[in-house]
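Take a look at the letters that make up each chain.
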Amino acid sequence: LREVNEEGMLILRFNDEPDWEYFGVLTEVDDKPEQSLQLIGSFKLICPDPYKYKDPQESTGYIRLKHASKVTPELIEGSVNKTTDTIAAKNGSEEIRLNGNYNSGDKLRVEWLKDSVNITVNSVNKLHELNFFNYPETFYIKDKDIITGVNLRVDKVTWRDRRL
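What you see as residue numbers is a count from 1 along each chain, following the sequence as written. Residue-level local features of this predicted model are given only where pLDDT is at least 70; pairs of side-chain atoms are given and counted only at 80 or more, and the full residue set underlies all totals for whole chains, interfaces and linings. Just so you know, side-chain values use all the structure's heavy atoms and leave hydrogens and water out.

Draft legend 1. Layout of the nonpolar core. In these notes, a set of buried Ala, Val, Leu, Ile, Met, Phe, Trp, Tyr and Cys residues joined through side-chain atoms within 4.5 Å is what counts as a nonpolar core. Only protein chains enter the accessibility calculation, which uses a 1.4 Å probe. A residue is then buried if its area is under 20% of the maximum for its type, exposed if over 50%, and partly exposed in between. Counting residues in hydrophobic clusters, the biggest one holds 25 residues, and the most contacted among them are Ile76, Leu98, Leu108, Val110, Ile119 and Ile147. Where helices and strands are cited, they refer to DSSP runs of H or I of at least four residues and of E of at least two residues respectively, numbered from the N terminus. Within the residue set of this core, elements represented by two or more residues are β6 (75-80), β7 (84-91), β8 (94-102), β9 (107-112), β10 (117-121) and β13 (152-159). The element that contributes the greatest number of residues to this core is β13, accounting for 4 residues. Once you skip the residues sitting within four places of it in the chain, Leu108 turns out to touch Ile76, Glu77, Gly78, Ile87, Leu98, Ile119, Thr120, Val121 and Leu152. Any two residues whose heavy atoms approach within 4.5 Å at even a single point are treated as in contact.

Rendered as structure tokens:
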């Protein structure tokens, strides 16, 4: 119970499922008096997210999901492969397209957080260059999908399988 993620949630793992994580909040702890060297008490956890999450997986584009039908990725990183005014990460018909000025070798990073999405090129925020009608919050990946790039080499895709 000592690990806390970015959202302040406790990371819970159990011995019978070592590669799955649950997220919870400590809500109550018994305050029993110490009477010996051994203290027995109880505590309550609330898990507001009903899902358990597999350890992060990564590839250079090929997605493998065993339990969930679709998930949002945690991270897509890529390198611009030529000087251009448009770059995109695509998943079939879905895409995250940016319109601006990009040079060969520039580094794109799209990161999905709990309540937001960060899009940077060379560590500079580029959300304002997101193409109209592109919604990263609804950019889902499914089993056997392949993430590709437009004027972009996909270097890394990170995601987590999940199940109830």
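What follows picks up the thread again.
Draft legend 2. Local environment of the pattern of salt bridges. Any carboxyl oxygen of Asp or Glu within 4 Å of a side-chain nitrogen of Lys or Arg constitutes a salt bridge here. Taken as a whole and judged by the stated rule, the model has 14 salt bridges. Of the charged contacts in the structure, one is a salt bridge between Lys44 and Glu28, with a shortest N-O distance of 4.0 Å. Placement of the pair is Lys44 in strand β3 (residues 43-46) and Glu28 in strand β2 (residues 17-29), with a sequence separation of 16 residues. With a shortest N-O distance of 2.6 Å, Asp143 and Arg64 are connected by a salt bridge. With Asp143 in the loop between β11 (124-125) and β12 (148-150) and Arg64 in the loop between β5 (57-59) and β6, the pair connects residues that are 79 residues apart, well separated along the chain. For Arg64, a relative accessible area of 43% corresponds to the partly exposed category.

Draft legend 3. Local environment of the sheet that holds β7. With antiparallel pairing, 3 strands are arranged side by side in an open sheet as β8-β7-β12. Each end of this open sheet is capped by a strand with a single partner; those strands are β8 and β12. Across the sheet, the axes of successive neighbouring strands diverge by a mean angle of 20°, strand direction being ignored. As paired strands, β7 and β8 are joined by 7 bridges and run antiparallel to one another. Its bridge partner being in β8, Asn91 is matched across the sheet by Glu94. A pair of strands is labelled paired if DSSP reports no fewer than 2 bridges between them. Axis lines are fitted to C-alpha atoms, over the contacting stretch for helices. Their N-to-C directions set the angle, which ranges from 0 to 180 degrees.

Any functional reading would require information beyond the geometric quantities listed.
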